[in-house]
Amino acid sequence: MKENTVMTMKDIARELHVSVATVSRALKNSPRISQEQRERIQQYARQHNFTPNVLAESLRLSRVQPVKIIGVIMPELVHYYFSTILKGIEEEAEARGYRIMVAQSGERYEREVRLCQLFYENKVCGIIVSQAKDTHRYEHFQRLMDAGVPLVFYDRICTGVNASRVVVDDYTGAFNAVSHLIETGCRHIAFFGSQMNLEISKNRFNGYKDALLKHGLRFDERLAQVCDNRSDAELLTPSLFDEEPYPDGFFAVNDDTAIGILYTVKRMGLRVPEDVSICGFTNGERATACDPMLTTVEQRGVRVGEEAANILIGHVEGTIPEGHIERRIVRTRLIVRGTTR
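Residues numbered from 1 in each chain as written. Predicted model: local features only at pLDDT ≥ 70, side-chain atom pairs only at ≥ 80, totals over all residues. Heavy atoms only, no water.

A.B. asks: Can you tell me about the environment of V304, naming the residues and giving the values?
C.D. replies: With respect to the helices, strands and loops of the structure, V304 is situated in helix α12 (residues 301-317). As for V304 and R331, which are separated by 27 residues in sequence, their C-alpha atoms are 9.7 Å apart. V304 has contacts with Y81, I85, Y154, V166, V168, Q299 and V330, leaving out every residue within four places of it along the chain. (Helix = DSSP H or I, 4+ residues; strand = E, 2+ residues; numbered from the N terminus. Contact = heavy atoms within 4.5 Å.)

Have a look at this one:
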């Protein structure tokens, strides 16, 4: 074989003068061939760093049974919340006899389109997806559904496509968080959120505004900013203290942004929570690794993943009727810690 060429079972069979079926059985430790033959083939495979092509095997078996591979598209794997969703998807899929194929869009529309096509070409039985931040066109999702590929959205749902979805109660979570800030003494609360083309951003912003309205506080446009990551929060936060009224509370769209605010106001000499209260949204591991520990809205990502996989498999296996759109909401809860009074 040429260097850098990927070895196949056919190559092993040719080198060892056996059939491909014998190689396959040996690698699966089948008792249908002798132990000596199994060890010989397995040793050769190990020596040549051979890894079986699981997808190819599934496609071969699909002649007699459905391919049980679910495609999963995540915006970014580095975020704690998305990693917990993936955990829920994987655990539910495995329990139901399915495997998953995971890819990340990197928050880019063009890559998301390519991934949808790639999953389609690889004959996945369905796709679970959270749309990228800059996705404004939805033809790639509609093409999948028109081709009969079940689609389930999670977290960032696509309102332009009539597909099943799982979300957390973003509005209620934000409303309760901002209400807590107000009820503990805050009167000038800043909002750091994502772009308003995302449904979760709209819902959290509306929860923020309605909490102000309910408690008789005026909405100040200057305090509502598009900012959804730590580095931007560290750059933006000081500018809100250039003129009065100064913010005495912050509600951030995620924990990383909230931690960026926390780091910055402490560096400015302000006390948390005595001078400034801060609330995030996720309840990731970093929320308890900062000082003081972060008050935040718990999203229950594992549960979101489990529900998404459950719905997708329901569509694949027909337990959810054809044409039925499943909508499920996972409840959040406010976790009060040291960054609020």
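A.B. asks: Describe in detail the pairing of strand β6 (residues 189-193), supporting the description with residues and values.
C.D. replies: Taken residue by residue, a regular strand's side chains alternate between the two faces of the sheet. Counting buried positions along β6 yields 5 of 5 residues, so the element is predominantly enclosed. Going residue by residue along β6, you find I189, F191 and G193 tucked away on one face and A190 and F192 tucked away on the opposite face as well. Sheet topology places β6 next to strand β8 (residues 249-252); 4 bridges connect them, and they run parallel. Bridge pairing links F192 to A252 in β8. With 3 bridges joining them, β6 and strand β7 (residues 224-226) adopt parallel strand pairing. Bridge pairing links F192 to Q225 in β7. (Buried < 20%, exposed > 50% of the residue type's maximum accessible area, 1.4 Å probe, protein only. Pairing = 2+ DSSP bridges.)

A.B. asks: Now, about the environment of F175: what can you tell me, with residues and values included?
C.D. replies: Tracing the backbone shows F175 in helix α8 (residues 170-183). Each C-alpha atom, one on F175 and one on A13, is 64 Å from the other, the two residues being 162 residues apart in sequence. For F175, the residues in contact, after removing those within four places along its chain, are G207, D210, A211 and K214.

A.B. asks: Can you explain the packing of helix α2 (residues 20-27) against helix α3 (residues 35-47)? Please cite residues and give values.
C.D. replies: Packing of α2 against α3 leaves a shortest axis separation of 9 Å and a crossing angle of 85°. In terms of orientation, α2 and α3 fall into the roughly perpendicular class. On the side of α2, the interface is formed by T22, V23, A26 and L27, while α3 contributes Q37, R38, I41, Q42 and A45. Of the residues contributing to the contact of α2 with α3, the split by class is 5 nonpolar, 3 polar and 1 charged. (Axes fitted to C-alpha atoms, helices over the stretch in contact; angles between N-to-C directions. Parallel < 35°, antiparallel > 145°, perpendicular 65-115°, else oblique. Nonpolar A, V, L, I, M, F, W, Y, C, P; charged D, E, K, R; others polar.)

A.B. asks: Before we move on, can you summarise the nonpolar core with the specific residues and values?
C.D. replies: A general feature of soluble globular proteins is that nonpolar side chains tend to end up buried together. Judged by nonpolar contacts, the single largest core of 39 residues is most densely connected at F192, F250, F251 and I278. When contributions to this core are tallied by element, the ones reaching two or more residues are α8, β6, α9 (199-214), α10 (230-236), β8, α11 (255-267) and β9 (277-282). Among the elements that make up this core, the one with the highest residue count is α8 (6 residues). In contact with I278, not counting residues within four places along its chain, are L181, F250, A258, I261, L262, V265, V272, L294, T295, T339 and T340. Judged by nonpolar contacts, the second largest core, of 24 residues, contains L86, V152, V304 and A308. (Core = buried A, V, L, I, M, F, W, Y, C linked by side-chain atoms within 4.5 Å.)

A.B. asks: Give a detailed account of the packing of aromatic side chains, specifying residues and quantitative values.
C.D. replies: Taken as a whole, this structure holds 14 aromatic pairs when the rule is applied. Between F205 and F219, the aromatic rings sit 5.8 Å apart at their centres with planes inclined by 75°, giving edge-to-face as the arrangement. Pair noted here: F205 is in helix α9 and F219 is in the loop between α9 and β7, with a separation of 14 residues, a long-range link. The buried category is assigned to F205, whose relative accessible area is 16%. What makes F219 partly exposed here is its relative accessible area of 25%. (Phe/Tyr/Trp six-rings, centres within 6.5 Å; stacked < 30°, edge-to-face > 60°.)

A.B. asks: Before we move on, could you go through the side chain of R38 and cite the residues and values that matter?
C.D. replies: As for its position among the elements, R38 is in helix α3. Of the side chains with opposite charge, E39 lies nearest to the buried R38, which makes no salt bridge, at 6.7 Å. Discounting residues that sit within four places of it in the chain, R38 has contacts with A26, N29, S30, P31 and I33. (Lys, Arg positive; Asp, Glu negative; His and termini not counted. Salt bridge = Lys/Arg side-chain N within 4 Å of Asp/Glu carboxyl O.)

A.B. asks: How would you explain the pairing of strand β10 (residues 295-298) if you had to name every residue and give the values?
C.D. replies: Across 4 bridges, the pairing between β9 and β10 is parallel. Bridging across to β10, G280 finds its partner in T296. Note: β10 against strand β12 (residues 333-335), 3 bridges, orientation antiparallel. Directly across from E298, in β12, lies its bridge partner R333.

A.B. asks: Which residues make up helix α6 (residues 109-121), and what values go with them?
C.D. replies: Spanning 13 residues, α6 covers 19 Å between terminal C-alpha atoms, matching the ideal 18 Å at 1.5 Å per step. Listing the buried residues of α6 in full gives Y109, E112, L115, C116 and F119. Here the buried residues of α6 occupy an arc of 115° about the axis, which is enough to place them on one side. At its buried positions, α6 is contacted by β1 (69-74), β2 (99-104), β3 (126-129) and α7 (139-146). At the C-terminal side of α6, K123 shows a positive phi close to 60°. (Expected span 1.5 Å × (residues − 1). Arc of directions from axis to C-beta.)

Purely geometric stuff here, so don't read any function into it on its own.
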